[in-house]
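Per-entry structural report
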Amino acid sequence: MPKLNLADIPWRTGSAYPGKLAEAVAGRSSQRLGDAGGLTQFGVNLVQLEPGGLSSLRHYHMEQDEFLMVTSGVCTLIDDHGETELHPGDCATFPAGEANGHHLKNNTDAPATFLVVGTRTDTETAYYSDIDMMVKDDANGFNFTRKDGSPLTADQIGDET
């Protein structure tokens, strides 16, 4: 049966961000609904942000479209145009290749959730607006570097070595 039982889908926490950069999204958890339903052409995730939580570091994608809709609580969209409060039912879109760094923040004292839908591509490049970082994703996984392709510095990721 195609109906998903949300109670059976685990919530995931953590981040692929290197070192101390992962701390920025400590208040985020998600359920991978598309994976649970066997979807392969696009991803669908239900994301919960705790008070003060961020969805990601501010970024934009070169190959993948993103769509989101707030399902509960209030999220603040922060992008190159400023800050916009999003309430349940409000939607936002981020076309591939549009250099508009974005993320959501929960500025309230209650959890908030949103549904995010995104293209799945074999490769992807994303850029981070507020820091000198790029990520390339391919069959080998995520590779975080500076925007010019050089390695991230110990200062950027908090490595002591």
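Note that the structure is predicted; figures quoted are calculated from it, not measured.

Here we come to the overall build of the chain. Each helix and strand counted, the chain has 2 helices and 12 strands in total. For the chain, the α and β elements follow one another from N to C terminus as β-α-β-β-β-β-β-β-β-β-β-β-β-α. Here the chain has a C-alpha radius of gyration of 16 Å; the compact-globule value for 161 residues is 15 Å, and the two agree. Residues classed as buried in the chain amount to 38% of the 161 residues present. Across the chain, every contact between residues at least 6 apart in sequence was considered, and the portion connecting residues at least 24 apart equals 61%. Accessible area for the chain stands at about 9,000 Å²; split by element, carbon and sulfur atoms hold 51% of it.

It is worth spelling out the side chain of His 102 at this point. Among the structural elements, His 102 can be located in the loop between β7 (91-94) and β8 (103-105). A distance of 2.8 Å separates polar atoms of two side chains, one belonging to His 102 and the other to Glu 66. Separated by 3.0 Å, the side chain of His 102 and the backbone oxygen of Asn 100 make a polar contact. In this structure, His 102 is in contact with Ser 56, Leu 57, Arg 58, His 59, Tyr 60, Glu 66, Leu 77, Ile 78, Asp 79 and Phe 94, ignoring residues within four places of it in sequence.

Turning next to the sheet that holds strand β2 (residues 42-49). Spatially, β1-β2-β9-β4-β7 is the arrangement adopted by the 5 strands of the open sheet, whose pairing is antiparallel. Because the sheet does not close on itself, it has two edges, and the strands there are β1 (28-32) and β7. Between one strand axis and the next, the sheet turns by 25 degrees as a mean value, whatever way the strands run. With 4 bridges joining them, strand β4 (residues 66-72) and β7 adopt antiparallel strand pairing.

Leu 49, Leu 68, Cys 75, Leu 77, Leu 86, Leu 104 and Phe 114 are the most contacted members of the largest nonpolar core, which has 13 residues in total. Of all elements in the fold, only β2, β4, β5 (75-79), β7 and β9 (112-119) reach the threshold of two or more residues within this core. Residue contributions to this core peak at 3 residues, all from β9. With near-sequence residues (within four places) excluded, Leu 77 lies in contact with Gly 82, Glu 83, Thr 84, Leu 86, Ala 92, Phe 94, His 102, His 103 and Leu 104. If you look at the next biggest cluster of nonpolar residues, it comprises 12 residues, including Leu 54, Val 135, Phe 144 and Leu 152.

Let's shift gears to the environment of Asp 155. Examined against the element boundaries, Asp 155 turns out to sit in helix α2 (residues 154-157). As for Asp 155 and Tyr 60, which are separated by 95 residues in sequence, their C-alpha atoms are 23 Å apart.

To continue, consider the environment of Asn 100. With respect to the helices and strands, Asn 100 occurs in the loop between β7 and β8. The spatial distance from the C-alpha of Asn 100 to the C-alpha of Ser 129 is 8.1 Å, given a sequence separation of 29 residues. Residues in contact with Asn 100, not counting those within four places in the same chain, are His 59, Tyr 60, Asp 79, Asp 80 and His 81. From its side chain, Asn 100 meets the backbone nitrogen of Asp 80 in a polar contact 2.8 Å long.

Rules of the game
- Residues numbered from 1 in each chain as written.
- Predicted model: local features only at pLDDT ≥ 70, side-chain atom pairs only at ≥ 80, totals over all residues.
- Heavy atoms only, no water.
- Helix = DSSP H or I, 4+ residues; strand = E, 2+ residues; numbered from the N terminus.
- Rg over C-alpha atoms; globule rule 2.2 N^0.38 Å.
- Buried < 20%, exposed > 50% of the residue type's maximum accessible area, 1.4 Å probe, protein only.
- Contact = heavy atoms within 4.5 Å.
- Areas by Shrake-Rupley, 256 points an atom, 1.4 Å probe, with all protein chains shown as cover.
- Polar contact = N/O pair within 3.5 Å; in protein donor to acceptor, adjacent residues only side chain to side chain.
- Pairing = 2+ DSSP bridges.
- Axes fitted to C-alpha atoms, helices over the stretch in contact; angles between N-to-C directions.
- Core = buried A, V, L, I, M, F, W, Y, C linked by side-chain atoms within 4.5 Å.

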